[in-house]
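Geometric and topological summary
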Amino acid sequence: MSQYGKAEYWEERYTRDPEPFDWYQRFAGVKDLVQACFTPESKLLNVGAGNSRLSEEMFDEGYQNITNIDISHVVTKAMQEKYKDKGPNFKYLHMDARAMDFEEGSFDGAIDKGTLDAILCGESSSSNAQKVIQEVHRVLGPKGVFFIISYGLPEHRLQYLEKPEYDWNVIVKQVHKPTISTSIAITNEDKDAPNVHYIYICSKGQPKGAKQ
């Protein structure tokens, strides 16, 4: 499992298998929650986009201002070519989510589908996960939302998300796993997770403890 935290693994994987691949959920499985958090006008960041069809499916639903980043040169180049006709606001950039090249407050929302989970499988996992969360918090606007799709149980994820320095309110939702669900290998701490994926919605500009 530690390989999931290494950039070299993803370079090799995307070279070997360039076909679209979606961890956990397609857009349809989280559509209602996404629509409750973002409007088609929202400027969105997809963190660790890979070659998932999530952004493409969101684009087709009207969310056409999406910046996708990934640590893999191989997949970024492939996605740039694949989606070159989508327009200037739908872009793929090679970037490390731990040190993003964006100004503070650049986005209305950020989406993570499996990226934090993958990082938490790797070496220096806690430190790297915290760097990503800090960076997402930095690049979100004052009312920005961080939308995380994860297999991780709340007792294993909220410790990273509910730190005092983050001025966001966190709520947890659940969605059923698809009949055929592709998942990262489950760590020991999450092996007893029920047949659901967890959606962590971190909303800036809301009092902590507020319910949505």
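The structure presented is a predicted model; accordingly, all values stated were derived computationally and were not measured.

Here we look at the overall build of the protein
Broken down by element type, the protein carries 7 helices and 7 strands. Going residue by residue from the N terminus, the α and β elements of the protein occur as α-α-β-α-β-α-β-β-α-α-β-α-β-β. Counting over 212 residues, the protein shows a buried share of 50%. Within the protein, counting contacts between residues at least 6 apart in sequence, those at least 24 apart form 78% of the total. Total accessible area on the protein is roughly 10,200 Å²; 48% of this is exposed by carbon and sulfur atoms.

Examining helix α6 (residues 125–139)
The end-to-end C-alpha distance of α6 is 21 Å, a good match for the 21 Å that 15 residues give at a rise of 1.5 Å each. Within the span of α6, buried status applies to Ser 125, Asn 128, Ala 129, Gln 130, Val 132, Ile 133, Glu 135, Val 136, His 137 and Val 139.

Focus on the side chain of Asn 169
Assignment of secondary structure puts Asn 169 in strand β6 (residues 168–176). Those residues within four positions of Asn 169 in sequence are excluded, and the remaining contacts are Ile 201, Cys 202, Ser 203, Gln 206, Pro 207, Lys 208, Gly 209 and Ala 210.

As for the nonpolar core
Buried together is how nonpolar side chains tend to be arranged in soluble globular proteins. Counting residues in hydrophobic clusters, the biggest one holds 30 residues, and the most contacted among them are Leu 45, Met 100, Phe 102, Ile 133, Val 136, Phe 146 and Trp 168. Elements with a contribution of two residues or more to this core: β1 (44–47), β4 (107–113), α5 (115–119), α6, β5 (140–150), α7 (154–161), β6 and β7 (196–204). At 5 residues, α6 tops the list of elements feeding residues into this core. Beyond its immediate stretch of four places on either side in the chain, Val 136 contacts Val 47, Met 100, Ala 110 and Phe 146.

Quick look at the sheet that holds strand β2 (residues 66–70)
Taken in spatial order, the 7 strands of this open sheet run β3-β2-β1-β4-β5-β7-β6, and their pairing is mixed. At either margin of the open sheet sits one strand with a lone partner, and together these are β3 (90–94) and β6. The average undirected angle you get between the axes of adjacent strands in this sheet is 20°. As paired elements, β6 and β7 share 9 bridges and run antiparallel to each other. Within the sheet, the bridge partner assigned to His 176 lies in β7 and is Val 196. Across the face of the sheet, α6 comes into contact with β1, β4, β5, β6 and β7 while running at roughly 140° to β5. Across the sheet, α7 lies against β5, β6 and β7, angled at about 20° from β7, the strand it touches most.

Examining the environment of Lys 131
Within the secondary structure, Lys 131 sits in helix α6. For Lys 131, a relative accessible area of 39% puts it in the partly exposed group. In this structure, the C-alpha to C-alpha distance between Lys 131 and Ala 99, residues 32 residues apart in sequence, is 7.7 Å. Discounting residues that sit within four places of it in the chain, Lys 131 has contacts with Ala 97 and Arg 98.

Quick notes on α7
Every buried residue of α7 is accounted for by His 156, Arg 157, Tyr 160 and Leu 161. Buried residues in α7, looked at end-on, bunch into an arc of 120°, giving them a common side.

Concerning the confidence of the model for the protein
Low pLDDT means the predicted coordinates in that region are not meant to be read closely. When the pLDDT values of the protein are averaged, the result is 87; 81% of them are 70 or greater. Mean pLDDT across the elements of the protein ranges from a minimum in helix α1 (residues 7–16), with 63, to a maximum in β1, with 98. Note on residues 181–188: pLDDT under 50 across the span, and 26 contacts to partners over four residues away in sequence or across chains.

Basis of the calculations
- Residues numbered from 1 in each chain as written.
- Predicted model: local features only at pLDDT ≥ 70, side-chain atom pairs only at ≥ 80, totals over all residues.
- Heavy atoms only, no water.
- Helix = DSSP H or I, 4+ residues; strand = E, 2+ residues; numbered from the N terminus.
- Buried < 20%, exposed > 50% of the residue type's maximum accessible area, 1.4 Å probe, protein only.
- Contact = heavy atoms within 4.5 Å.
- Areas by Shrake-Rupley, 256 points an atom, 1.4 Å probe, with all protein chains shown as cover.
- Expected span 1.5 Å × (residues − 1).
- Core = buried A, V, L, I, M, F, W, Y, C linked by side-chain atoms within 4.5 Å.
- Pairing = 2+ DSSP bridges.
- Axes fitted to C-alpha atoms, helices over the stretch in contact; angles between N-to-C directions.
- Arc of directions from axis to C-beta.
- pLDDT = per-residue confidence, 0-100.

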